[in-house]
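Analysis of the macromolecular model
If you want the building blocks of each chain, they are given just below.
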Amino acid sequence: MSVYFEVMRGVTVLSKDNEFYLRRLHSLLGIIPIGLFVAQHLVINHFATQGPEAFNKASHFMESLPFVLFLEWFVIYIPLMFHAFYGVYISFTAKSNTQRYGTFRNWMFLLQRVTGVILVVFIAWHIFETRFQKAIGADEVNFDMMADILANPLMFVFYVVGVVSATFHLANGIWSFLVSWGITQSPRSQRISTYVTMGIFLALTVIGVRALLAFV
Amino acid sequence: MNATATNTVVFEILRQDTTDSTPYWEKFELEYRPNMNVISGLMEIRRNPVNTDGKHTTPVNWDMNCLEEVCGACSMVINGRPRQSCTALVDKLEQPIRLEPMKTFPVVRDLIVDRTRMFDSLKKVKAWVPIDGSYDLGDGPRMPERKRQWAYELSKCMTCGVCLEACPNVNTGSDFMGPAPLSQVRLMNAHPTGAMNRDERLNAIMGDGGLANCGNSQNCVVACPKGIPLTTSIAALNRDTSVQMFKNFFGSDHMVD
């Protein structure tokens, strides 16, 4: 019986009555901690441009952080899973109409959902291929591992698509975070934040793709 | 193709006989007259309901009232875009002119849709200023003239449903009430007397199908025939509900001010 109540409580929390709070949580978690983690991850990856030793040193530093399992679960996996699964639900409740309204914002709306779904697939695969392999003791996460993966041209393309999707989704997500929390209201403020977030997209994309190129 | 050159006007209309029957296209060719609008074309079809196959058919059903883009009743999808048919001038439209009902709403017959959900939403968000009492409550607080001018723009909403038809998040798979009733919350909350119930309206749009369903595609503000700043209203309500959320959680002595 208690299991039944726990399940029912879970269902109630995820009910439509709590939609407002779930959407706000979804928006917040996308920036803190997930957005911060993505930016940090891309910056650490960038050590690859300075050679295998620099990358291995940086990744070893991250691995040897105290409470690393706690950090991974509470800063990455749990928020990421909520953001991913609730995001897929949001994506599939939309009925996109870019043929009818081919405006910039309507395309951004569609791309945010498309990149989100790509990212669910990419990140699941990426974690399976790297962190999960280490967890089961099958492999070491280091420069050679990434060089092996990216030596396959198809995988390289998959990773470029994944990284660009992530940087776009984050940058455009910052724009919608600012609207969703009522920080940018006027058309002018929303236009300026479009420029700023597209700048963030370009900067993070350069950092991310440069790191990928360093492995091949 | 230019209408004046051919001296005829071709209408392709998506028809539907009952609420749940299968829709079908029917084509009509009319004699061109200067200054025709879509409604005068529909009236001509009603007078002589013969399609391009020469077959006598039932007159096309549509809704209309004011004929000056103030009531919103004659909204339909014209050449792929939702708008009012009274202000859709034939000279300014590509031919054939394709008319469809706004299928975001349940179709009653032909081009008539049932917009009840919009009026239900207005009730849900309490889009009015309550002034009833058991005695004369007297004059309310005054509204600054410049604020009244600003609020007047929001008050132009005619509940036509075009913004709901344009919104990718208003569809059969979602309960989203759409931009129109949300903007009315901003209007009523801006009113000095209406503001006395602002927390009730904010709590209503923080419920099922409310504000949080907006995905910022910003089609509504492009589509609105009255030029209402719907996306600004939504962002402003996002700020108001952010504050309301904390007031609700921690408790506050400032629920309405």
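What you see is a predicted model, and the numbers here were worked out from it, not measured in a lab.

Procedures and definitions
Residues numbered from 1 in each chain as written. Chains lettered and ligands numbered in written order. Predicted model: local features only at pLDDT ≥ 70, side-chain atom pairs only at ≥ 80, totals over all residues. Heavy atoms only, no water. Helix = DSSP H or I, 4+ residues; strand = E, 2+ residues; numbered from the N terminus. Buried < 20%, exposed > 50% of the residue type's maximum accessible area, 1.4 Å probe, protein only. Areas by Shrake-Rupley, 256 points an atom, 1.4 Å probe, with all protein chains shown as cover. Lys, Arg positive; Asp, Glu negative; His and termini not counted. Charge placed at Lys NZ, Arg CZ, Asp CG, Glu CD. Pairing = 2+ DSSP bridges. Core = buried A, V, L, I, M, F, W, Y, C linked by side-chain atoms within 4.5 Å. Contact = heavy atoms within 4.5 Å. pLDDT = per-residue confidence, 0-100. Axes fitted to C-alpha atoms, helices over the stretch in contact; angles between N-to-C directions. 1 Å grid on protein atoms, 1.4 Å probe; cavity = no way out; pocket = protein on both sides within 12 Å on 5 of 7 lines; lining within 4 Å. Points joined across faces, edges and corners; volume = space filled by probe spheres on them. Nonpolar A, V, L, I, M, F, W, Y, C, P; charged D, E, K, R; others polar. Buried area = accessible area lost by both parts, 1.4 Å probe. Salt bridge = Lys/Arg side-chain N within 4 Å of Asp/Glu carboxyl O. Patch = residues over 30% accessible without salt bridge, like charges linked within 9 Å, V, L, I, M, F, W, Y side chains within 5 Å.

The helix and strand inventory of chain B stands at nine helices and seven strands. If one aligns the C-alpha atoms of chain B with their principal axes, the spans along those axes are about 70 × 40 × 35 Å. Counting over 257 residues, chain B shows a buried share of 52%. A total accessible area of about 12,400 Å² is found for chain B, and carbon and sulfur atoms account for 50% of it. Here chain B contributes 28 positively and 30 negatively charged side chains, and the mean placements of these two sets differ by 4 Å.

Turning our eyes to something else, we now look at the pairing of strand E4 (residues 81–84) of chain B. Residues and elements named next belong to chain B. Alternating residues of E4 divide into Pro-82 and Gln-84, all buried, and Arg-81 and Arg-83, none buried. Taken together, the four bridges between strand E3 (residues 75–78) and E4 define a ladder with antiparallel strand orientation. Residue pairing in the sheet places Met-76 in a bridge with Arg-83 of E4. The antiparallel hairpin formed by E3 and E4 contains two residues in its connecting segment, where Asn-79 sits at a positive phi of about 50°.

Quick look at the nonpolar core now. All names here are of chain B. Core analysis: the largest hydrophobic core is formed by 38 residues, its most contacted members being Leu-164, Leu-182, Ile-205 and Leu-237. Among the secondary structure elements, those contributing two or more residues to this core are helix H3 (116–124), helix H4 (145–154), helix H5 (162–166), helix H6 (179–190), helix H7 (198–205), helix H8 (219–223) and helix H9 (230–250). The element contributing the most residues to this core is H6, with five residues. If sequence neighbours within four positions are ignored, Ile-205 has contacts with Val-125, Met-177, Leu-182, Val-185, Gly-210, Leu-211, Leu-237 and Thr-241. In this structure, Val-9, Ile-13, Leu-93 and Leu-99 belong to the second largest nonpolar core, which totals 23 residues.

In this section: the confidence of the model for chain B. Averaged over every residue, the pLDDT of chain B is 95; residues scoring 70 or more account for 98%. In the predicted assembly, ipTM is 0.92 and pTM is 0.92.

Quick look at the environment of Leu230(B) now. Residue and element names in this part refer to chain B. Following the sequence through the fold, Leu-230 ends up in helix H9. What makes Leu-230 buried here is its relative accessible area of 4%. With 67 residues separating them along the chain, Leu-230 and Cys-163 place their C-alpha atoms 8.9 Å apart. If near-sequence neighbours (up to four positions away) are discounted, Leu-230 is found in contact with Cys-163, Pro-179, Ser-183, Cys-220, Val-221 and Cys-224.

On to the sheet that holds strand E2 (residues 24–31) of chain B, then. Residue and element names in this part refer to chain B. Strand order across the open sheet formed by five strands is E2-E1-E5-E3-E4, with mixed pairing between neighbours. Edge strands, defined here as strands with exactly one partner in the open sheet, are E2 and E4. Each strand axis lies, on average, 35° off the axis of its neighbour in the sheet, ignoring direction. When strand E1 (residues 8–15) meets E2, the two strands line up antiparallel, connected through eight bridges. What sits directly across from Arg-15, in E2, is Tyr-24.

Further remarks concern the layout of surface pockets. Put simply, the second largest pocket is a space of about 320 Å³. Taken together, 16 residues make up the lining of the second largest pocket; nearest its centre are Lys95(A), Arg100(A), Lys103(B), Thr104(B) and Glu165(B). Within the lining of the second largest pocket, the residues separate by chemical class into five nonpolar, six polar and five charged.

Further remarks concern the interface of chain B and chain A. Chain B puts 37 residues into the contact, and the matching count from chain A is 31 residues. A buried area of about 2,900 Å², summed over both sides, lies between chain B and chain A, and 48% of it is on carbon and sulfur atoms. It is Ala212(B), Asn216(B) and Met245(B) that lose the most area in chain B upon contact with chain A, and together they represent 17% of the buried surface on that side. Run the count over chain B and chain A and you get one salt bridge. Between Glu165(B) and Arg100(A) there is a salt bridge, and its shortest N-O distance comes to 3.1 Å.

Moving on to a negative patch on the surface. Together, Asp139(A), Glu140(A), Asp144(A) and Asp148(A) give the surface a local cluster of negative charge. Here Glu140(A) lies in the loop between helix H6 (131–135) and helix H7 (143–151).

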